[in-house]
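# A look at the structure
For reference, the chains in residue letters:
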Amino acid sequence: MISRIWHGWTSRQNADAYEDLLRSEIFTGIEHREIRGYRGIHLLRRDVPEGVEFVTVMWFDSLDAIKAFAGEDSEAAVVPPKARALLARFDARSAHYNVLVAPEQ
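Thresholds, definitions, all that
Residues numbered from 1 in each chain as written. Predicted model: local features only at pLDDT ≥ 70, side-chain atom pairs only at ≥ 80, totals over all residues. Heavy atoms only, no water. Helix = DSSP H or I, 4+ residues; strand = E, 2+ residues; numbered from the N terminus. Polar contact = N/O pair within 3.5 Å; in protein donor to acceptor, adjacent residues only side chain to side chain. Salt bridge = Lys/Arg side-chain N within 4 Å of Asp/Glu carboxyl O. Buried < 20%, exposed > 50% of the residue type's maximum accessible area, 1.4 Å probe, protein only. Phe/Tyr/Trp six-rings, centres within 6.5 Å; stacked < 30°, edge-to-face > 60°. Lys NZ or Arg CZ within 6 Å of the ring centre and 35° of its normal.

### Here's the deal with the side chain of R4
The topology assignment puts R4 in strand β1 (residues 2-10). In this structure the side chain of R4 is engaged in a polar contact, spanning 2.5 Å, whose partner is the backbone oxygen of S74. Reaching out from R4, the side chain makes a polar contact with the side chain of H96 at a distance of 3.1 Å.

Below, the structure written as structure tokens:
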């Protein structure tokens, strides 16, 4: 399994709207794509001095599954225009890690 990790930051004023967008549109849109080998997503949030940091951790079976999600440049961030409008900054590239130990499902 491969974990895809990405960070984005919002102002405090945009944080709730960004979280709502992720939950109501972006994550459901990913699910509806029915990407073979996509196993789900975790969303993390914390307050930081400059605003609010969000981290997404996505789970995939293979690099091919990641490419089905992100395109041929598999590390490129996938940030829809509505999300970009709410973010103060974000990672242009995602990091991929081989999962060595994970909780049992």
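### So, the pattern of salt bridges
Counted by the stated rule, this structure contains 11 salt bridges. Measuring nitrogen to oxygen at the nearest pair gives 3.7 Å for the salt bridge that ties R12 to D47. Here R12, found in helix α1 (residues 12-32), pairs with D47, found in strand β2 (residues 38-48); they are 35 residues apart in sequence, far enough to count as distant. The shortest N-O distance in the salt bridge between E53 and R46 comes to 2.5 Å. Exposure remark for E53: the relative accessible area of 7% places this residue in the buried category. The network of salt bridges with shared partners includes D16, E19, R23 and R45.

### Brief notes about the packing of aromatic side chains
Applying the stated rule across the entire model yields 4 aromatic pairs. Between the aromatic rings of W6 and F90, the centroid separation amounts to 6.2 Å while the plane-to-plane angle is 40°, which identifies the pairing as tilted. Residue W6 is located in strand β1, and its partner F90 is located in strand β4 (residues 87-90); the two are separated by 84 residues in the primary sequence. Looking at W6, the relative accessible area reads 8%, which means it is buried. Ring centres 4.9 Å apart and planes at 70° place the aromatic pair Y18 and F54 in the edge-to-face group. Of the two residues, Y18 sits in helix α1 while F54 sits in strand β3 (residues 51-60), which places them 36 residues apart along the sequence. Relative accessible area serves as the criterion here: at 0%, F54 is assigned to the buried category. Ring pairing ties together the aromatic residues Y38, F60 and F69, which thus form one cluster. The residue whose ring lies beneath R89 is W9, and the NZ or CZ to ring-centre distance is 3.8 Å.

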